[in-house]
Amino acid sequence: SVFKLNKKTGSVIWRAFKDAGGMNGSAFSSPYMTSIGGQKQLLVQTREKLASLNPENGEVLWSKVVPSFRGMNIFTPIVIGDTIFTSTYQNKSWLYKISKNDSTFIVNDVWENKLQGYMSTPVVINGFAYMHLQNQRFACVDLSNGETKWTSPKSFGKYWSLIAYKNKILALDQKGILYLIEADPKELKILDTREITESESWAHLAISGDQIFIRDLKTLSVFQWKN
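Residues numbered from 1 in each chain as written. Predicted model: local features only at pLDDT ≥ 70, side-chain atom pairs only at ≥ 80, totals over all residues. Heavy atoms only, no water.

Visitor: Would you mind showing me how to read the pattern of salt bridges here?
Guide: Side-chain pairs of opposite charge can arise where the charged atoms are in close proximity. Going through the model one piece at a time under the given rule, you end up with five salt bridges. With a shortest N-O distance of 2.6 Å, Asp 82 and Lys 97 are connected by a salt bridge. You can see Asp 82 sitting in the loop between strand 7 (78-80) and strand 8 (83-87) and its partner Lys 97 sitting in strand 9 (residues 93-101), a full 15 residues away along the chain. Here Lys 149 makes a salt bridge to Glu 147, at a shortest N to O gap of 3.8 Å. On the basis of relative accessibility, which here comes to 33%, the residue Lys 149 falls in the partly exposed class. Residue class for Glu 147 comes out partly exposed when judged on its relative accessible area of 38%. (Salt bridge = Lys/Arg side-chain N within 4 Å of Asp/Glu carboxyl O. Helix = DSSP H or I, 4+ residues; strand = E, 2+ residues; numbered from the N terminus. Buried < 20%, exposed > 50% of the residue type's maximum accessible area, 1.4 Å probe, protein only.)

Visitor: Even after reading the chapter, I still don't get the nonpolar core, so can you show me in this structure?
Guide: Nonpolar side chains tend toward joint burial in soluble globular proteins. Among the nonpolar cores identified, the biggest contains 15 residues, and Tyr 130, Phe 138, Trp 160, Leu 162, Ile 169 and Ile 181 are the most heavily contacted of them. Counting only elements with at least two residues in this core, the list comes to strand 11 (123-125), strand 12 (128-132), strand 13 (138-142), strand 15 (160-165), strand 16 (168-173) and strand 17 (177-182). Apart from the residues lying within four places of it in its own chain, the contact partners of Ile 169 are Val 123, Ile 125, Tyr 130, Leu 162, Ile 163, Ala 164, Tyr 179, Leu 180, Ile 181 and Ala 183. Formed by 13 residues, the second largest nonpolar core is a distinct cluster that contains Ile 36, Leu 61, Val 79 and Val 107. (Core = buried A, V, L, I, M, F, W, Y, C linked by side-chain atoms within 4.5 Å. Contact = heavy atoms within 4.5 Å.)

Visitor: What am I meant to see in unusual backbone geometry here?
Guide: With the exception of glycine, the majority of residues adopt a negative phi angle, and the majority of peptide bonds are in the trans configuration. One non-glycine residue, Asp 102, lies in positive phi territory at about 60 degrees. Turning to its location among the elements, Asp 102 is positioned in the loop between strand 9 and strand 10 (104-113). Within the chain, Asn 126 stands out as a residue other than glycine whose phi angle is a positive 55 degrees. Assignment of secondary structure puts Asn 126 in the loop between strand 11 and strand 12. For Asn 126, a relative accessible area of 69% translates into the label exposed.

Visitor: Even after reading the chapter, I still don't get the sheet that holds strand 20 (residues 211-215), so can you show me in this structure?
Guide: Two orientations exist for strands paired in a sheet by backbone hydrogen bonds: parallel and antiparallel. Across the sheet, which stays open at both edges, the three strands sit in the order 19-20-21 with antiparallel pairing between neighbours. Whereas interior strands pair on both sides, the edge strands pair on one side only; in this sheet they are strand 19 (206-208) and strand 21 (220-224). With strand direction ignored, the average angle separating the axes of adjacent strands in the sheet is 25 degrees. Two strands pair when backbone bridges link them, and strand 19 and strand 20 are joined in this way by three bridges, in the antiparallel orientation. Bridge pairing in strand 20 links Ala 206 to Phe 213. (Pairing = 2+ DSSP bridges. Axes fitted to C-alpha atoms, helices over the stretch in contact; angles between N-to-C directions.)

Visitor: Would you mind going over a nonpolar patch on the surface with me for this structure?
Guide: A cluster of nonpolar side chains, namely Phe 3, Leu 5 and Val 12, defines an oily patch on the protein surface of about 280 Å² accessible area. Among the structural elements, Val 12 can be located in strand 2 (residues 12-16). (Patch = residues over 30% accessible without salt bridge, like charges linked within 9 Å, V, L, I, M, F, W, Y side chains within 5 Å. Areas by Shrake-Rupley, 256 points an atom, 1.4 Å probe, with all protein chains shown as cover.)

Visitor: Explanation requested: the side chain of Asn 54 in the structure shown.
Guide: Within the element layout of this structure, Asn 54 appears in the loop between strand 5 (49-53) and strand 6 (60-65). Excluding residues within four positions of it along the chain, Asn 54 makes contact with Trp 14, Gln 39, Glu 59 and Leu 61.

Visitor: Which parts of the structure should I look at to understand the pairing of strand 5?
Guide: The side chains of a regular strand alternate between both faces of the sheet. Taken across its five residues, strand 5 has four buried, putting it largely inside the fold. Across four bridges, the pairing between strand 4 (residues 39-45) and strand 5 is antiparallel. When the bridges of strand 5 are listed, Val 44 appears paired with Ala 51. The turn joining strand 4 and strand 5, which pair antiparallel and follow one another in sequence, is formed by three residues. Pairing analysis gives five bridges linking strand 5 to strand 6, with the strands arranged antiparallel. Looking at the pairing, Leu 50 lines up with Lys 64 of strand 6. Taking the residues between adjacent antiparallel strands as the criterion, strand 5 and strand 6 are bridged by six residues, where Gly 58 takes a positive phi near 80 degrees.

In structure tokens, the structure reads:
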């Protein structure tokens, strides 16, 4: 289920999808607060559908069935204006356009792409999505038309956490390697690499000022970023 809680008391304010157990229930995807069509919405990707909830009362504003394999949705959807980019386990990637007719929201397919996202939420820079795939390769997709601009010739680890700043991407590989990548829709440009830890790292990297925080299976490390 999806809950809204009073953070001071822990009491439940509302609960959505409470009868949607089994394959219709919660997935691994994180909820995301956004605004579409001038209305604040809580975007959630369940095991079988992409849905939007009214954060005030939990009402389902709209929903769209999104195919996946055994409901294993992990990818957190990305909102770009009035469109939503998502990808599901062992299936495809999609861009949906959300529009509003009076008080009703309408969801339309814009395009689909055969690339399969996995656990890593992509970053979007200048209209292009840079994403780590289920086959452990890295790819760039043009969000205007769904065209795959490139896919890396080599595979990497099972998971990447990605942070974007201007036209640069920091990517932390599950193997403990940190990549600095230039966001270029023409080709994969790895500017630098550094082995950060010998242990695997599954936690998302974090940046505060000129410091980078990295949590691996054994330690929490802090590095200073110098330009």
